[in-house]
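# Structural features, examined
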Amino acid sequence: MQFFGGSAEVNPSPLAPAGTGTGLLGNNTYMMYVFNRNGVCLLYREWHRPLKTLDSQQDQKLMFGVLFSLKSFTTKMDPISAEKGSLGVPLLPGQGCSFHSFRTNTYKLSFMESPSGVKIILVTHPKCGDLRESLRYIYNIYVEYVMKNPLYAPGTAIKCELFNTKLDQYIRTIV
């Protein structure tokens with residue numbers, strides 16, 4: 001069963017989406033965050049982060065704050081929707097204008113929020129293309145190896161070795 005987009009069957013070792021290459025581990029992906037709907041960081045992974053600027057707890061709070069602000073800002077600035085809501089008020093997943101990514105001269109931040117409120121953030125090399133399919137694929141790995149794991153308690157840090165292995169294998173393919 002596929003949990004995000006489409007109705008195709010997902011086996012425990014799903015195929016990587018089309019358009020991914022065979023880069024070296026961490027060459028293009030710097031780091032990844034997974035937050036639950038309450039803003040609790042369930043997973044933080046680094047593969048190739050050239051410079052550490054903050055301690056991990058400050059980094060996680062800053063990242064969640066930036067995403068919250070960007071989502072509120074994009075909704076408020078939406079030129080099509082008449083229903084703007086209040087700036088800073090949280091929106092349900094799928095509400096308002098969608099924010100997918102932004103790029104600077106040194107990195108690209110790609111974002112996906114699942115219908116259940118799980119937020120996945122990938123920080124990659126700025127030349128990486130559209131990563132929406134990659135984020136959906138990572139979410140499907142998360143569902144298969146974390147959420148379906150009877151030993152995992154929702155809302156706690158992800159410590160599933162099989163998930164980490166599958167994630168590392170997939171991250172190697174992002175170009």
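Residues numbered from 1 in each chain as written. Predicted model: local features only at pLDDT ≥ 70, side-chain atom pairs only at ≥ 80, totals over all residues. Heavy atoms only, no water.

## A few points about the overall build of the protein
- A tally of helices and strands in the protein yields 3 helices and 5 strands.
- The N-to-C order of helical and strand elements in the protein reads β-β-α-β-β-β-α-α.
- Burial analysis of the protein (175 residues in total) assigns 42% to the buried set.
- If you take every contact in the protein between residues at least 6 apart in sequence, the share linking residues at least 24 apart comes to 54%.
- Here the protein has roughly 10000 Å² of accessible surface; of this, 58% comes from carbon and sulfur atoms. (Helix = DSSP H or I, 4+ residues; strand = E, 2+ residues; numbered from the N terminus. Buried < 20%, exposed > 50% of the residue type's maximum accessible area, 1.4 Å probe, protein only. Contact = heavy atoms within 4.5 Å. Areas by Shrake-Rupley, 256 points an atom, 1.4 Å probe, with all protein chains shown as cover.)

## Side note on the packing of aromatic side chains
- Enumeration over the complete set of coordinates arrives at 6 aromatic pairs.
- A centroid spacing of 5.9 Å and a plane angle of 5° characterise the contact between Y33 and F35, whose relative ring orientation is stacked.
- Among the residues examined, Y33 registers a relative accessible area of 0% and is labelled buried.
- For F35, a relative accessible area of 1% puts it in the buried group.
- Geometrically, the ring pair formed by F102 and Y107 is edge-to-face, given 6.0 Å between the ring centres and 70° between the ring planes.
- An aromatic cluster is built from Y33, F35, Y44 and F64, whose rings are joined through pairwise contacts. (Phe/Tyr/Trp six-rings, centres within 6.5 Å; stacked < 30°, edge-to-face > 60°.)

## Overview of the pattern of salt bridges
- Enumeration over the complete set of coordinates arrives at 6 salt bridges.
- Residues D130 and R132 are paired through a salt bridge, measuring 3.1 Å at the closest nitrogen-oxygen approach.
- Using a relative accessible area of 53% as the deciding quantity, one classes D130 as exposed.
- Under the relative-accessibility criterion, R132 is labelled partly exposed at 34%. (Salt bridge = Lys/Arg side-chain N within 4 Å of Asp/Glu carboxyl O.)

## Structural notes on the sheet that holds strand β1 (residues 29-35)
- Spatially, β2-β1-β5-β4-β3 is the arrangement adopted by the 5 strands of the open sheet, whose pairing is antiparallel. Edge positions in the sheet fall to β2 (41-46) and β3 (101-103), since each has one partner strand and no second. Between one strand axis and the next, the sheet turns through 10° on average, direction left out of account.
- Judged from the 3 bridges that link them, β3 and strand β4 (residues 108-113) form a sheet pairing that is antiparallel. (Pairing = 2+ DSSP bridges. Axes fitted to C-alpha atoms, helices over the stretch in contact; angles between N-to-C directions.)

## Some points on the side chain of N164
- Here N164 is to be found in helix α3 (residues 161-171).
- Discounting residues that sit within four places of it in the chain, N164 has contacts with L43 and R45.

## Section: the pairing of strand β5 (residues 119-124)
- For β5, the buried fraction is high: 6 of the 6 residues fall into the buried class.
- Burial along β5 is two-sided: the face carrying K119, I121 and V123 and the face carrying I120, L122 and T124 are both buried.
- Examined bridge by bridge, β1 and β5 share 6 bridges and lie antiparallel to one another. Counted as the bridge partner of V34 is I120 from β5.
- In the sheet, β4 pairs with β5 via 6 bridges, with the strands oriented antiparallel. Following the sheet pairing, K108 is matched in β5 by T124.

## Some words on the environment of R37
- As for its position among the elements, R37 is in the loop between β1 and β2.
- A residue is classified by how much of its surface remains accessible, and R37, at 59% relative accessible area, is exposed.
- Here the alpha-carbon distance between R37 and S114, two residues 77 residues apart in the chain, equals 9.4 Å.
- Beyond its immediate stretch of four places on either side in the chain, R37 contacts S116, G117 and K119.

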